[in-house]
Amino acid sequence: MITDARVLQTEFVPKDLVHRDNELTTLSAALKPLTNGEPGETTLLHGPPGVGKTCTTQYILNQLHENVIDLNTQYVNCWKDHTQFQTLYRILEGIDQTLDIHRQSTPTDKLRDRLHNYDGPPYIVVLDEADQLETTDVLYNIYRTPNIEMVLIANQEADLFSRLDTRLKSRLQTITRIHYKPYRSGEIVSILEDRVHWGLEPDTVTRDQLERIAVASKGDSRVAIGVLRRAARLASQDNERAISDEYIDEAVPEAKTEIKQKNVEKLTEDQRILYDILTEEGEISAGRLYESYRDRADEPKTRRMMRYYLKKMQHYNLVVANGENRGRTYNTSS
DNA sequence: CCTCCACAGGAAGCCGGGGGAC
DNA sequence: GTCCCCCGGCTTCCTGTGGAGG
């Protein structure tokens, strides 16, 4: 049934991008000057998940690489590489400057200096999920380096900007902003049709079923493609030649919890205990959460450590905090 | 209104591990 | 090998905040 599994991956960048013409044009225009050796414009792409921010960026980078010989680019996922050291390391990796850098013994200062001394060809650094950066210092370091252009990607523009110091905030006031709206149902359907065409055998899924997936995905293309992939896999495991509605209904919740499940597996023992308590108890105050945790853990860590853990788990979208200070409660994310 | 308390999160320091320089 | 440096994980201490309750 599946003829090409790659195109059913959410990260796959198709040859033709549909429904993102305006965004592509604006981003392209912002980076265009680089191809003539002039400085481009720092760009911020913002909008909810699964609306094509990452995809359009990688599409543009591919295009630039085809047309410009002397150009470096690097894509950094700040969610994965969120410490200053990790981010700087990735950026230097994009210009082959990391051979002698070791995690344990190289000070972050050295990475910073090396970046600042960059004087090679134009270099485009994409910082995806930039609002997840531990410190925004790294943005300043890139900003002040000539010949490096930043493309920032974030869900909420405000999440990123509220954390910048005033100096950087005012300098980034004038950057090009591109807002991505959720896809409409029909747009999701045509994105799926494209993937179906390249990835599945003919007549395995009907248009009605694609619409069903589109509605369930609520404008998030990653969820939609994930559902399609899972439904196709379920059907082929049962040796069916077509995807039935039942497979789709089964795949929808699976696709939505897939990412979460992966993150739960990454938790340490102590974090896992906290997560289990939240799963069982539901909404709970920090004090009661710590008491439960202390009872269950063999060697419980301190309250401060619990707060670090909870912060981390919010970062992983496993935990949500409601309220501030005394009134705050924690819960698992739905 | 004021004081107390629970809580968040910053700052500093300790420790163990690992790599480089010698 | 030994010394030194750095990091991440962790603790301790501390300040700021806002609701509860006198």
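Details of the structure are given in the entry above.
Note that the structure is predicted; figures quoted are calculated from it, not measured.

**As for the overall build of chain A**
Okay, so step 1: Check the secondary structure of chain A and you find 14 helices and eight strands.
Okay, so step 2: By the compact-globule yardstick of 20 Å for 334 residues, chain A fits well, its C-alpha radius of gyration being 22 Å.
Okay, so step 3: Taken along the three principal axes of its C-alpha coordinates, chain A extends 55 × 55 × 35 Å.
Okay, so step 4: Counted over contacts in chain A with a minimum sequence separation of 6, partners at least 24 positions apart contribute 69%.
Okay, so step 5: Only carbon and sulfur atoms are counted for the fraction: they give 45% of the accessible area of chain A, which is about 18000 Å².
Okay, so step 6: Separation between the mean location of the 44 positive side-chain charges and that of the 53 negative ones in chain A comes to 6 Å.

**Quick word on helix H10 (residues 221-237)**
Okay, so step 1: With 17 residues, H10 ought to run about 24 Å at 1.5 Å a step, and its terminal C-alpha atoms sit 24 Å apart, in line with that.
Okay, so step 2: The N-cap of H10, judged by a side-chain oxygen 2.9 Å from the amide nitrogen of arginine 222 a few residues on, is aspartate 220.
Okay, so step 3: The positive-phi residue at the C-terminal boundary of H10 is asparagine 239, with phi of around 55°.

**Topic: the protein's contact with DNA strand C**
Okay, so step 1: In the neighbourhood of DNA strand C, 13 residues make up the surrounding shell, with Thr108, Thr302, Met305, Tyr309 and Asn325 lying closest.
Okay, so step 2: If you look at DNA strand C and keep only atoms within 4 Å of the protein, 72% of those are sugar or phosphate atoms.
Okay, so step 3: Tyrosine 309 places a polar side-chain atom, nitrogen or oxygen, 3.0 Å from a phosphate oxygen of DNA strand C.
Okay, so step 4: Within the side chain of arginine 326, a nitrogen or oxygen atom sits 3.3 Å from a base nitrogen of DNA strand C.
Okay, so step 5: Broken down by element, the surface near DNA strand C gets its largest block of residues, four residues, from helix H14 (residues 303-315).
Okay, so step 6: Taken together, the residues of the surface near DNA strand C break down into four nonpolar, five polar and four charged.

**Some words on the side chain of asparagine 263**
Okay, so step 1: Here asparagine 263 shows up in helix H11 (residues 245-265).
Okay, so step 2: With a relative accessible area of 5%, asparagine 263 lands in the buried category.
Okay, so step 3: At a separation of 3.2 Å, a polar atom in the side chain of asparagine 263 contacts the main-chain carbonyl oxygen of tyrosine 316.
Okay, so step 4: When near neighbours in sequence (up to four residues on either side) are disregarded, asparagine 263 contacts Trp79, Tyr316 and Leu318.

Cut-offs and rules
- Residues numbered from 1 in each chain as written.
- Chains lettered and ligands numbered in written order.
- Predicted model: local features only at pLDDT ≥ 70, side-chain atom pairs only at ≥ 80, totals over all residues.
- Heavy atoms only, no water.
- Helix = DSSP H or I, 4+ residues; strand = E, 2+ residues; numbered from the N terminus.
- Rg over C-alpha atoms; globule rule 2.2 N^0.38 Å.
- Contact = heavy atoms within 4.5 Å.
- Areas by Shrake-Rupley, 256 points an atom, 1.4 Å probe, with all protein chains shown as cover.
- Lys, Arg positive; Asp, Glu negative; His and termini not counted.
- Charge placed at Lys NZ, Arg CZ, Asp CG, Glu CD.
- Expected span 1.5 Å × (residues − 1).
- Polar contact = N/O pair within 3.5 Å; in protein donor to acceptor, adjacent residues only side chain to side chain.
- Near = heavy atom within 4 Å.
- Nonpolar A, V, L, I, M, F, W, Y, C, P; charged D, E, K, R; others polar.
- Buried < 20%, exposed > 50% of the residue type's maximum accessible area, 1.4 Å probe, protein only.

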